[in-house]
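The chain contents come next:
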Amino acid sequence: MRIGIVVDSACDLPQDFIQKNDIVLLPITVRIGDAVLADHRDEEATLSFLHAHVAERGHEAETTPFTVNQIRDLFLERLVIDYDHVYCMTITKTRSPIHENAMQASFAILNDYKPVRQAAGHNSPFALRVIDTQTLFAAQGVTAVEAVRMRAAGSNVQHMRTKLEYLAANSHGYMIPRDLYYLRARARTKGDRSVGLLSVALGSALDIKPVLHGHAGKTEPVAKIKGFENAVEQMFKFAGNRVISGLLTPTVCLSYGGELAEMRALPGYARLRDICANNNVEVFESVMSLTGMVNVGKGAVVVGFAAEPHTFNVS
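Predicted model, so just to flag it, every value in this text is computed and none were measured.

**Q** I'd like a description of helix α9 (residues 228–245), backed by residues and values.
**A** With 18 residues, α9 extends 26 Å from end C-alpha to end C-alpha; this agrees with the ideal 26 Å at 1.5 Å per step. Residues of α9 that are buried include every one of Phe228, Ala231, Val232, Gln234, Met235, Phe236, Phe238, Ala239, Gly240 and Val243, and no others. Residue glycine 246 follows α9 closely and has a positive phi angle near 115°.

Structural data, given as structure tokens:
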């Protein structure tokens, strides 16, 4: 059984991991004025676009996911030939139409694949499962990493489906945004009035940073901490404590809206890496997707993992 793994480009994983494991990307295109870039998770291209356009006008960006027809064409031209069963894992459907596009495309794909496969010499059936990861950015990476591990271990497709859907329901992403004014401007551009001007002004004046939690399709603040670096340190410490308590998979994913050297210099980072190493938990670090950066701003930090229900707390 040839098993394919598909993610959208908001899924924060290192470019070399994606390439090495033949993970297929559904790119999301970002337009800022006349500047356009299809996000193929090329970190160098992402950073160049960040410095040239996102920092100043990112809140004005338009993001366009693969359409139903583009997803259909990708599968019928390539994936139904290369694979027998495909898992397509998307950013939470509450934040992007790409999950709904993939679901609509799946019906056409399953109706139309037979002559394409037969022409390529494959007479066996093709299957496709679209999974809503119910989270975003670094936390999306958790299910993709586990899919790669299970595929390499020879797991059967039913076991993979059950495990991936369980992980999606138990994946958690925590984020510290650096610039609350940017977050508000971006929210207003998208018609989201939930980020109030007063709270932004007070937060910025007092240097209070929210800890945002992405889980089960919801994104909401779970703490407010004074100082960006202090907030990141507390988030990393909390993640380390979760690792010690035991995760559902031996995976922690980190992403940063800028150069990774900046993230690695933040307080608490080295301790988190040490805890992961001591507990045989693999860490995956990547530059945040362009889609992520235009939505939450330059310099945001995200940590993702899968764990049993818990409450965020700081020391």
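**Q** Which residues make up empty space enclosed by the protein, and what are the values?
**A** Vacant regions in the atomic arrangement are exposed by a probe of water-molecule size rolled over the atoms. Under the criterion given, the structure shown has 1 cavity of 30 Å³ or more. In this structure, the largest cavity encloses a volume near 30 Å³. Lining the largest cavity are Asp39, Arg41, Asp42, Glu43, Thr46, Val287, Met288, Ser289 and Leu290. Among the residues making up the lining of the largest cavity, the classes are represented as 3 nonpolar, 2 polar and 4 charged.

**Q** Would you mind going over the pairing of strand β3 (residues 28–32) in detail, with residue names and values included?
**A** With burial as the criterion, only one face of β3 is covered, namely that bearing Ile28, Val30 and Ile32; the residues Thr29 and Arg31 on the opposite face remain uncovered. Where β3 lies against strand β4 (residues 35–39), 5 bridges are found, and the strand directions are antiparallel. Bridging across to β4, threonine 29 finds its partner in alanine 38. If you look at the hairpin formed by β3 and β4, you'll find 2 residues sitting between the two strands, and glycine 33 has a positive phi there, around 65°. In terms of strand pairing, β3 meets strand β5 (residues 62–64) through 3 bridges, oriented antiparallel. By the bridge assignment, threonine 29 is partnered in β5 with threonine 64.

The rules behind the values
Residues numbered from 1 in each chain as written. Predicted model: local features only at pLDDT ≥ 70, side-chain atom pairs only at ≥ 80, totals over all residues. Heavy atoms only, no water. Helix = DSSP H or I, 4+ residues; strand = E, 2+ residues; numbered from the N terminus. Expected span 1.5 Å × (residues − 1). Buried < 20%, exposed > 50% of the residue type's maximum accessible area, 1.4 Å probe, protein only. 1 Å grid on protein atoms, 1.4 Å probe; cavity = no way out; pocket = protein on both sides within 12 Å on 5 of 7 lines; lining within 4 Å. Points joined across faces, edges and corners; volume = space filled by probe spheres on them. Nonpolar A, V, L, I, M, F, W, Y, C, P; charged D, E, K, R; others polar. Pairing = 2+ DSSP bridges.

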